[in-house]
Amino acid sequence: MDSVDPDGSGPQEALPPPPPVLPPDVVPVKLEEPAKKKPARLPMARRGMGSKGQKIQLLTNHFKVNVTNMEGQFYHYSVALLYEDGRPVEAKGVGRKVLDKVQQTYSSELSGKEFAYDGEKSLFTIGQLPLNKHEFTVVLEEVTSSRNNGNVSPDAGGSPNDTDRKRMRRPYNSKTFIVQINFAAKIPMQAIASALKGVETESSQEALRVLDIILRQHAAKQGCLLVRQSFFHNDPKNFVELGNGVLGCRGFHSSFRTTQGGLSLNIDVSTTMIIQPGPVIDFLINNQGARDPFSLDWAKAKRVLKNLRVKVSPTNQEYKITGLSDQNCKDQLFQLKQKGDAEPLEITVYDYFVNHRNIELRYSGDLPCINVGKPKRPTYIPLELCTLVSLQRYTKALTSFQRSSLVEKSRQKPQERMAVLAHSLKTSRYDEEPLLRACGLSISNGFTQVEGRVLPAPKLKVGNGDDLFARNGRWNFNNKKLVQPCKIERWALVNFNARSDMRRLVNDLMRCAEAKGIAIEDPHAVIEEDRQMSRAPPIVRVEKMFEEIQSKLPGAPKFLLCVLPERKNCAVYGPWKRKNLAEFGIVTQCMAPQKMNDQYLTNLLLKINAKLGGLNSLLSVEHSPSIPVVSKAPTMILGMDVSHGSPGQSDIPSIAAVVSSRHWPLISRYRASVRTQSPKVEMIDSLYKRVSDTEDDGIMREALLDFYVSSGKRKPEQIIIFRDGVSESQFNQVLNIELDQIIEACKFLDEKWNPKFVVIVAQKNHHTKFFQPNGPDNVPPGTIIDNKVGHPKNYDFYLCAHAGMIGTTRPTHYHVLLDQVGFQADDLQELVHSLSYVYQRSSTAISVVAPVCYAHLAATQMSTFMKFEDTSETSSSRGGMTAAGPAPVPALPRLEEKVANSMFFC
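Residues numbered from 1 in each chain as written. Predicted model: local features only at pLDDT ≥ 70, side-chain atom pairs only at ≥ 80, totals over all residues. Heavy atoms only, no water.

> Kindly report on the sheet that holds strand S6 (residues 175-188), identifying the contributing residues and their values.
The sheet built from five strands is open, its strands ordered S3-S4-S2-S6-S5 with antiparallel pairing. Looking along the sheet, the strands with just one partner apiece sit at the ends: strand S3 (116-117) and strand S5 (133-140). Across eight bridges, S5 lies against S6 in antiparallel orientation. Along S6, the bridge assignment pairs leucine 140 with lysine 175. Along the sheet face, helix H1 (residues 95-105) touches strand S2 (73-83), S3, strand S4 (122-126), S5 and S6 and points at about 105 degrees away from the line of S5. In the packing of helix H4 (residues 202-221) onto the sheet, contacts are made with S2, S3, S4 and S6, and the angle to S6 comes to roughly 140 degrees. (Pairing = 2+ DSSP bridges. Helix = DSSP H or I, 4+ residues; strand = E, 2+ residues; numbered from the N terminus. Contact = heavy atoms within 4.5 Å. Axes fitted to C-alpha atoms, helices over the stretch in contact; angles between N-to-C directions.)

Written out as structure tokens, the structure is:
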């Protein structure tokens with residue numbers, strides 16, 4: 001049948017016959033109306049500013065930006081790079097070189113326009129190019145990228161041959177590229193002005209992205225390593241050794257932000273990890289802690305070298321390592337092509353380099369060669385001729401030694417940091433960047449002044465009704481009893497460390513416990529590990545220790561104190577915790593074998609007391625209950641976080657932890673639920689997990705039922721959620737996906753129940769810092785900032801709740817995404833501040849609210865239950881994908897009922 005033209009003028013056929021009438025016994029099915037899509041929740045606007053606290057003048061590392069050309073337009077073009085034969089260029093790192101060449105060669109065809117290129121598939125200009133479609137051909141000499149194009153020896157299935165020597169003298173291996181530039185979109189600069197008024201659109205995000213791309217390109221032209229918006233110069237003054245061939249490289253972060261005070265450039269110090277540049281052999285010896293090249297583990301070396309770039313002497317040509325030879329240089333054969341039609345000659349790599357190329361090899365003969373060719377067409381080069389190129393990122397997980405070394409070596413006092421930042425801004429010379437000039441952008445060179453307020457520390461209650469006042473964010477329990485001390489009974493001491501004096505430990509511990517008001521019985525037994533077991537695998541050691549415990553104790557203990565065999569990275573820790581918490585339901589505290597002084601034991605007792613159900617201190621307002629809003633109606637507080645494997649580990653499940661308050665009106669007692677989920681997934685997917693019509697196996701159900709039971713059979717009427725670890729681009733998912741799951745879990749328990757929600761995101765990894773203008777110290781604890789550098793419209797504030805003793809304080813950036821309760825700004829800010837004082841593990845204010853901190857601890861501790869081996873280097877299932885789809889994520893064991901609601905994570 002011909003289609004009918006909309007105006008009815010086209011050819012039309014007779015209508016089809018009417019459908020037959022339904023037989024009388026058929027009931028027509030009523031079509032379900034499609035469910036109306038409810039409008040998505042968006043982050044709320046700021047309702048007002050706080051006013052409490054003592055005013056303080058501060059400086060911040062935001063530099064004011066003036067924009068004069070708001071009428072201009074950015075033009076966005078898509079870029080396609082092809083080889084001569086039409087194959088797309090997959091290699092990373094070639095793009096910038098190719099486009100630089102386009103700009104040099106075809107400047108007049110492009111009307112002399114400067115452009116900002118993102119290094120991938122997008123290019124931006126101010127004002128348009130002459131045509132909507134351009135195609136250019138460019139030739140690059142010596143193409144090297146972070147991916148190798150072309151072999152040293154295109155003809156031989158092996159090492160460089162005779163024809164190579166000639167080529168070494170002429171420009172090496174030129175390559176031809178085709179560049180297609182096609183118009184994609186217009187972005188008005190006016191969108192930046194709208195964003196500053198708080199109207200965020202896709203255009204305004206794009207316009208800011210263009211400005212950030214200009215900064216990236218500016219740094220790339222100076223030869224920097226780029227890591228998102230952080231830039232690292234190749235200057236050995238910026239390198240610090242972290243051990244095992246890994247260096248910390250100091251650079252700086254630079255990005256444009258829209259704030260209440262207008263557009264600003266945020267500059268901060270940034271550190272990344274790089275591979276030690278220089279001879280490959282030095283790196284390998286350092287990396288493995290080996291004595292000499294002949295004691296290296298080559299399987300390990302092959303894994304760590306893969307994909308790194310090397311320069312090869314004497315030609316100085318750059319390649320990417322694809323592997324190592326199977327045999328040593330003296331034994332590895334390859335076919336060397338001969339002149340004319342002569343048969344190829346089979347010789348060793350060593351023979352070729354020493355006799356044909358006259359290159360002296362001192363030690364490479366007895367070591368494997370580096371392969372820089374394709375797997376099927378290897379190209380072998382002796383090790384000593386290879387040097388690792390500088391500024392190559394190291395992305396594997398750091399050891400705890402490397403991590404502590406990095407933290408220690410990248411610390412800077414506030415004044416030093418300010419000087420470094422002012423210097424970075426000066427040396428960046430942004431005022432000379434033609435694209436920024438064309439946008440009419442000028443950047444002030446002075447730190448922005450802001451006004452902060454210092455909130456008073458909340459008063460604390462300890463034992464015997466005593467008050468405790470924090471000074472500079474700290475307090476101590478000297479001559480004080482704990483507010484709710486527990487009883488340590490039916491307990492035993494377990495010792496995995498042969499050198500520790502147990503008799504003395506028991507006496508000192510009992511003395512310190514009594515001083516804090518903790519009633520402690522004598523231990524039932526002190527169980528020493530059999531010396532022979534110390535070399536056994538960790539799981540075997542733990543099993544054996546439990547056999548001992550069962551034979552020596554009359555019944556199951558309530559508490560076990562465990563002295564670990566070593567202080568750091570102890571392999572027994574995970575299996576021991578799992579055995580106690582998941583299998584037997586025994587509260588346990590581990591301790592390091594050194595440092596058994598009174599200060600250490602008192603801190604240990606704070607943790608033990610919290611785990612056994614006691615409390616060390618309370619907020620006075622909790623004790624009397626007089627917390628604004630929270631004490632008036634049953635209120636539950638949640639801390640939510642997802643932790644992922646390190647960047648190099650692609651198959652390790654992510655771990656979601658949700659910590660929830662219990663015993664309302666208290667806000668100092670918590671429990672935790674922890675689950676695994678697919679690797680690198682940030683949204684928590686098990687908050688509500690319906691298994692049948694009557695069953696929900698999600699995290700929230702556990703938390704809500706526990707709140708109900710522990711709070712005198714009351715359901716929470718208000719639920720305050722603190723979410724950690726999400727970026728601004730994920731706020732809408734938290735507000736819509738996660739919050740919807742939490743609401744579903746509430747409805748599943750009671751259809752008529754409508755609690756009110758507050759959703760707050762806590763961010764630590766941002767780049768805003770605050771400084772005191774006239775002093776060397778960090779900002780005082782309790783400093784809050786909600787003006788000038790906040791979001792132009794949305795509700796956010798910065799809080800430094802803790803005393804920064806070393807380095808520069810990193811404030812926590814709180815974003816209030818939703819408030820159905822209707823808090824006053826001061827009350828909400830004070831609640832957030834108070835929640836930094838309820839952390840039971842220490843006698844200090846901490847830098848982020850306690851429930852978020854507990855969520856980290858719970859996730860970290862339970863991740864040791866299953867030491868997920870990283871299979872990404874050996875398996876073919878990258879990213880946990882198998883032929884049948886995503887591999888199932890191994891589940892964490894659930895905690896035994898007796899400890900499931902305890903503060904086991906303290």
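From this point on, the discussion continues.
> Explain the sheet that holds strand S14 (residues 317-320) residue by residue, including any values.
Pairing in this open sheet of four strands is antiparallel, and the strands run S12-S20-S13-S14 from one edge to the other. Only two strands of the sheet have a single partner each, and these edge strands are strand S12 (278-279) and S14. Pairing of strand S13 (residues 309-312) with S14, which is carried by four bridges, proceeds in the antiparallel orientation. Residue pairing across strands places valine 312 opposite glutamine 317, the latter belonging to S14.

> Describe the UniProt feature "domain: PAZ" (unreviewed entry) in the protein chain, with residues and values.
Here, UniProt's "domain: PAZ" (unreviewed entry) annotation points to residues 279-390. For the annotated span residues 279-390, helix accounts for 22% and strand for 29% of the residues, and the straight-line distance between the end C-alpha atoms is 11 Å. (UniProt positions renumbered as here; feature names shortened; annotations may be inferred.)

> Tell me about helix H5 (residues 280-288), residues and numbers included.
For H5, the complete set of buried residues consists of Val280, Ile281, Phe283, Leu284, Asn287 and Gln288. An end-on view of H5 places all buried positions within 160 degrees of arc, on one side of the element. Its buried side turned inward, H5 meets strand S11 (262-275), S12, helix H6 (298-305), S13, strand S18 (368-371) and strand S20 (386-388). At the exit of H5 stands glycine 289, carrying a positive phi of roughly 60 degrees. (Buried < 20%, exposed > 50% of the residue type's maximum accessible area, 1.4 Å probe, protein only. Arc of directions from axis to C-beta.)

> Summarise the environment of alanine 656; cite the residues concerned and give the values.
Its place among the elements puts alanine 656 in strand S32 (residues 654-661). Not counting chain neighbours up to four residues away, the residues in contact with alanine 656 comprise Asp641, Val642, Ser673, Val674, Arg675, Gln677 and Ile684.

> Quick one: what's the story with the packing of aromatic side chains, residue by residue and with numbers?
In this description, a pair of aromatic rings is defined by centroid distance and the angle of the planes. If you walk through the whole model with that rule in mind, you get 21 aromatic pairs. Ring geometry for tyrosine 854 against phenylalanine 905: centres 5.1 Å apart, planes inclined by 45 degrees, an arrangement best described as tilted. Separated by 51 residues along the polypeptide, tyrosine 854 in helix H19 (residues 850-863) and phenylalanine 905 in the segment after helix H20 (897-900) bring together distant segments of the chain. The class for tyrosine 854 is buried, based on a relative accessible area of 0%. Among the aromatic side chains, those forming a connected cluster through ring pairs are Tyr670, Tyr839, Tyr854, Phe904 and Phe905. Here the guanidinium or amino end of lysine 330 rests over the ring plane of tyrosine 350, the centre of that ring lying 5.2 Å away. Directly above the ring of tryptophan 753 sits lysine 715, whose terminal nitrogen or CZ lies 5.8 Å from the centroid. (Phe/Tyr/Trp six-rings, centres within 6.5 Å; stacked < 30°, edge-to-face > 60°. Lys NZ or Arg CZ within 6 Å of the ring centre and 35° of its normal.)

> An account of the state of the cysteines is needed here, citing residue identities and associated values.
For the structure shown, the criterion picks out zero disulfides. Free cysteine: cysteine 224, not disulfide-bonded; nearest cysteine sulfur from cysteine 249 at 9.1 Å. (Disulfide = S-S within 2.5 Å.)

> Run through the environment of leucine 831, naming residues and quoting values.
The residue leucine 831 is located in helix H18 (residues 825-834) in this model. With 203 residues separating them along the chain, leucine 831 and proline 628 place their C-alpha atoms 8.2 Å apart. Once you skip the residues sitting within four places of it in the chain, leucine 831 turns out to touch Ile627, Val630, Ile667, Ile720 and Phe823.

> I'd like a description of the pattern of salt bridges, backed by residues and values.
Considering all chains together, one arrives at 38 salt bridges under this definition. Note that arginine 87 is salt-bridged to aspartate 85, the shortest N-O span being 3.0 Å. A residue is classified by how much of its surface remains accessible, and aspartate 85, at 55% relative accessible area, is exposed. Between aspartate 786 and arginine 453 there is a salt bridge, with the nearest N and O atoms lying 3.3 Å from each other. Of this pair, aspartate 786 sits in the loop between strand S39 (783-785) and strand S40 (796-800) while arginine 453 sits in strand S21 (residues 441-454); the two residues are 333 residues apart in sequence, bridging distant segments of the chain. With respect to class, aspartate 786 is no different from arginine 453; both count as buried. Three or more residues are tied together by salt bridges with common partners; here these are Arg671, Arg675, Asp697, Glu702 and Arg894. (Salt bridge = Lys/Arg side-chain N within 4 Å of Asp/Glu carboxyl O.)

> Just give me the short version of helix H11 (residues 502-515), but keep the residues and values in it.
Because each turn of an α-helix spans 3.6 residues, side chains separated by three or four positions in sequence point in the same direction. Over its 14 residues, H11 runs 20 Å from end to end, which matches the ideal 20 Å to within 8%, given 1.5 Å per residue. Those residues of H11 that fall on the buried side of the exposure criterion are Met502, Leu505, Val506, Asp508, Leu509, Met510, Cys512 and Ala513. Sitting at the amino-terminal end of H11 is aspartate 501, which places a side-chain oxygen 3.2 Å from the backbone nitrogen of arginine 503. In the segment just after H11, glycine 517 is the residue with positive phi, at about 90 degrees. (Expected span 1.5 Å × (residues − 1). Polar contact = N/O pair within 3.5 Å; in protein donor to acceptor, adjacent residues only side chain to side chain.)

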